[in-house]
Amino acid sequence: MPSDPIIITIDGAAASGKSTTARHLAEALDLLHVDTGAHYRTLTRVLLDKGIQPERLAADPLALGELTLDTGIEGRRSTLLVNGASVPDALIRTEAINQSVSLYAAQPAVRNCLLEYQRSQVNVALDRGFRGIVMEGRDIGSVVFPDARFRYYLFADPSTRQQRRDNEGLADSVTRRDQIDSSRTQAPLKMPEGSAVIDTGAMDVDSVVNRICSDVKASR
Ligand code: DC
């Protein structure tokens, strides 16, 4: 009998090491890597291009309109297609998007639009022959998959995180985004109850990945 899909959730603030960890885990455990930050960035790009401001969504959630969400797969990475089209990384990792994304992500209309899509990624992964998913974000272990067997919360001190963004050459004020992401009403960034907490400032990537891989292998 095939075993249950592996679902690993990785939450944490901006630049806490989620993406690097998730990418390595996908490789090590044959999982589909789903970056939900990219989902919020993509919708932010689409809405900015349509001239729809977050305040307008707050007043009229229907302004989001009918968006069709689909999945493209590139290697082990899942990408969100909106109305059949993907939005290139270069267009969602700009300073303008960094400035706006938390404001859009705080809108219930935007979060509701993505929730079922994100949950559907397990079946997408299995259909494509992966053993499951590793999904990173802010509310994955608390809201999207609160019952997942493997839930982690990564953190590092703010100066380490800001240094990581600076080293990547990205203009991104991580503390400003953290503040907005942690204080919103729906699905705020928080440590999911019962998740394992890992300090990525104190451990290198390989150690973090080995730790999580050991948890998965020990349970199967
Ligand atoms: O991980 P990232 O920095 O690319 O995420 C971009 C923004 O998306 C982040 O500031 C908050 C939002 N986000 C969210 O609200 N919920 C998630 N599950 C993932 C990201």
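Relevant structure appears above.
K.L.:
I would appreciate a short explanation of the packing of helix H5 (residues 95-105) against helix H10 (residues 174-183) in the present structure.
P.N.:
The packing of two helices is summarised by the inter-axis angle and the distance between the axes. Where H5 meets H10, the closest approach of the two axes is 9 Å, and the angle between their N-to-C directions is 10°. It follows that H5 is roughly parallel to H10 by the angle criterion. Contacts between H5 and H10 involve Asn 98, Gln 99, Val 101, Ser 102 and Leu 103 from the first element and Arg 176, Arg 177, Ile 180 and Asp 181 from the second. Split by residue class, the contact of H5 with H10 holds 3 nonpolar, 3 polar and 3 charged.

K.L.:
Where do I start with helix H6 (residues 108-119) in this structure?
P.N.:
In an α-helix, one full turn covers 3.6 residues, which means residues spaced three or four apart are oriented alike. Between the first and last C-alpha of H6 there are 17 Å, a value that for 12 residues agrees with the 16 Å anticipated at 1.5 Å per step. Restricting attention to buried positions, one finds in H6 the residues Ala 109, Val 110, Arg 111, Leu 114, Tyr 117 and Gln 118.

K.L.:
Which parts of the structure should I look at to understand unusual backbone geometry?
P.N.:
Of all residues except glycine, most have a negative phi; of all peptide bonds, most are trans. Of note, Ala 15 is a non-glycine position whose phi angle comes to about 60°, a positive value. Along the chain, Ala 15 turns up in the loop between strand E1 (6-12) and helix H1 (18-29). Even without a glycine there, the phi angle at Asn 83 is positive, about 50°. On the secondary structure map, Asn 83 appears in the loop between strand E4 (77-82) and strand E5 (85-86).

K.L.:
In this structure, what is going on with the side chain of Arg 111? I would like to understand it.
P.N.:
Summarising the element assignment, Arg 111 is placed in helix H6. Among the polar contacts listed, one links the side chain of Arg 111 to the side chain of Asp 139, at a separation of 3.0 Å. Other than its neighbours up to four places away in sequence, Arg 111 contacts Tyr 40, Ala 105, Asp 139, Arg 184, Gln 186 and Ala 187.

K.L.:
Looking at this structure, I do not really get the site of the ligand. What am I missing?
P.N.:
Not every one of the 16 residues close to the ligand is listed here, only the nearest: Arg 41, Asp 139, Arg 177, Asp 181 and Arg 184. A distance of 2.7 Å separates an oxygen atom of the ligand from a polar side-chain atom of Arg 41. In this structure, an oxygen atom belonging to the ligand sits 2.7 Å away from a side-chain N or O atom of Asp 181. With the chains in place, 97% of the 450 Å² that the ligand exposes on its own is no longer accessible.

Here is what the cut-offs are and how they apply
- Residues numbered from 1 in each chain as written.
- Predicted model: local features only at pLDDT ≥ 70, side-chain atom pairs only at ≥ 80, totals over all residues.
- Heavy atoms only, no water.
- Axes fitted to C-alpha atoms, helices over the stretch in contact; angles between N-to-C directions.
- Helix = DSSP H or I, 4+ residues; strand = E, 2+ residues; numbered from the N terminus.
- Parallel < 35°, antiparallel > 145°, perpendicular 65-115°, else oblique.
- Contact = heavy atoms within 4.5 Å.
- Nonpolar A, V, L, I, M, F, W, Y, C, P; charged D, E, K, R; others polar.
- Expected span 1.5 Å × (residues − 1).
- Buried < 20%, exposed > 50% of the residue type's maximum accessible area, 1.4 Å probe, protein only.
- Polar contact = N/O pair within 3.5 Å; in protein donor to acceptor, adjacent residues only side chain to side chain.
- Near = heavy atom within 4 Å.
- Areas by Shrake-Rupley, 256 points an atom, 1.4 Å probe, with all protein chains shown as cover.

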